[in-house]
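Here's the letter readout for the chains.
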Amino acid sequence: MIFTDEEYLLDGKKILLRSAKEDLTEAQVLVDYLKTVSGETDFLLAYPDEINYTAEGELGFIKDMNESDEKMLILAFVDDEYAGNCSFAQIGSCRRSSHRVDIGIAIFLKYAGFGLGRLMLERMIAKIKEAGFEQVELTVIEGNERAYHLYESLGFKECGKIPDANKYDDGTYRDDIHMVLKL
Ligand SMILES: CC(C)(COP(=O)(O)OP(=O)(O)OC[C@H]1O[C@@H](n2cnc3c(N)ncnc32)[C@H](O)[C@@H]1OP(=O)(O)O)[C@@H](O)C(=O)NCCC(=O)NCCS
């Protein structure tokens, strides 16, 4: 799905939310971003050395997100600089799970903490609702207090944990916490 451009002023900064452009330059920006944000936090799926996407592959991902009726990718720009993205996708392809979507979000560390994540999620949840989905699901890694607080304040409820779902290179473990928002 395409997200039509929206502009906001947040904390004195100009915010642009839009879909990704279908070109290799934008695709490369997204690959570079994934490598950087994965190294800035312990709370994403992979280590930076595991991000092996190519711009060509990422371009396919952008096209899929833009063209599918069950998915959406929203990019955020702060004062014209790329700051991060959020996305949703329908869970599975069968009728019984077709009312559910899962979501993901990551913002560069330098743009965290001034309300951008809240704005992006509020706008994306509104689009999910408009599209007729009934519940939004996500996974947050134990200890990600900022994300957990944000999700809870948007109405998400914790509904279960996978103990020790994440094993880090230093041998420590963290649980996955599942959360759901009924629309
Ligand atoms: C998690 C993330 C999306 C949040 O976006 P953000 O723009 O930084 O968050 P916001 O500024 O919109 O809101 C953060 C909220 O958490 C609160 N917060 C910040 N640090 C906190 C902490 N240590 N404990 C509890 N709450 C905290 C803030 O006060 C704010 O709440 P409020 O609006 O009620 O005051 C972003 O920081 C990010 O991308 N982090 C790295 C990747 C990541 O963790 N992704 C999520 C994976 S599940």
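Here we come to the packing of aromatic side chains. Tallied over the entire structure, the rule returns 6 aromatic pairs. Taking 5.8 Å as the distance between ring centres and 70 degrees as the angle between the ring planes, the aromatic pair formed by phenylalanine 88 and phenylalanine 133 counts as edge-to-face. One end of the pair, phenylalanine 88, is in strand β4 (residues 81-90); the other, phenylalanine 133, is in the loop between α3 (116-130) and β6 (135-141), and 45 residues separate them in sequence. Each of the two residues, phenylalanine 88 as well as phenylalanine 133, counts as buried. Pairwise contacts between aromatic rings join Tyr33, Phe77, Tyr82 and Phe108 into one cluster. It is lysine 13 that lies over the ring of phenylalanine 114; its NZ or CZ is 4.7 Å from the centre.

Considering all chains together, one arrives at 8 salt bridges under this definition. Residue arginine 123 pairs with glutamate 6 through a salt bridge whose shortest N-O separation is 2.7 Å. Placement of the pair is arginine 123 in helix α3 and glutamate 6 in strand β1 (residues 6-10), with a sequence separation of 117 residues.

Every buried residue belonging to helix α4 (residues 145-153) is among Ala147, Tyr148, Leu150 and Tyr151, and all of these are buried. Across the axial projection of α4, the buried residues extend over an arc of 165 degrees, all falling on one side. Structural note: α4 exposes Glu145, Arg146 and His149 on the side pointing more than 90 degrees away from its buried face. In the segment just after α4, glycine 155 is the residue with positive phi, at about 105 degrees.

This brings us to the site of the ligand. Taken together, 20 residues are adjacent to the ligand, and Ile107, Gly113, Gly115, Gly117 and Arg118 come closest. Here phenylalanine 114 contributes a backbone N or O atom positioned 3.4 Å from an oxygen atom of the ligand. Relative to its unbound accessible surface of 960 Å², the ligand loses 71% to contact with the protein. Elements with a minimum of two residues in the shell around the ligand: β5 (100-107), α3 and α4. When residues of the shell around the ligand are assigned to their parent elements, the largest contribution, 6 residues, is made by α4. Taken together, the residues that form the shell around the ligand break down as 11 nonpolar, 6 polar and 3 charged.

The rules behind the values
In this numbering scheme, every chain counts its residues from 1 along its sequence in written order. Per-residue local features of the predicted model are confined to residues with pLDDT of at least 70, and side-chain atom pairs are confined, for both listing and counting, to 80 or more; whole-chain, interface and lining totals are unaffected and use all residues. Hydrogens and waters are ignored; side-chain quantities use all the structure's heavy atoms. Under the pairing criterion, centres of Phe, Tyr and Trp rings, with the six-membered ring standing for Trp, must be within 6.5 Å; the plane angle then separates stacked pairs below 30 degrees from edge-to-face pairs above 60, leaving the rest tilted. Helical segments are the DSSP runs of H or I of at least four residues, strand segments are the runs of E of at least two, and each set is numbered from the N terminus. Each residue is assigned to one of three classes by its accessible area relative to the maximum for its type, calculated with a 1.4 Å probe on protein chains only: buried under 20%, partly exposed between the two thresholds, exposed over 50%. Placement of a charge over a ring requires the Lys NZ or Arg CZ to be within 6 Å of the ring centre, with the centre-to-atom vector within 35 degrees of the ring normal. By salt bridge we mean one thing: a side-chain nitrogen of Lys or Arg within 4 Å of a carboxyl oxygen of Asp or Glu. The arc in question is traced by the directions running from the helix axis to the C-beta atoms. Only heavy atoms are used to decide nearness, and a residue is near a molecule or strand if one of them lies within 4 Å of it. Pairs of N or O atoms are called polar contacts if they sit within 3.5 Å, as long as, within protein, a hydrogen donor faces a hydrogen acceptor (for residues adjacent in sequence, only side-chain-to-side-chain pairs). Surface exposure here means Shrake-Rupley accessible area, sampled with a 1.4 Å probe, where a residue is shielded only by the protein chains that are shown. Under the convention adopted here, Pro, Cys and the residues Ala, Val, Leu, Ile, Met, Phe, Trp and Tyr are nonpolar, Asp, Glu, Lys and Arg are charged, and Gly plus all remaining residues are polar.

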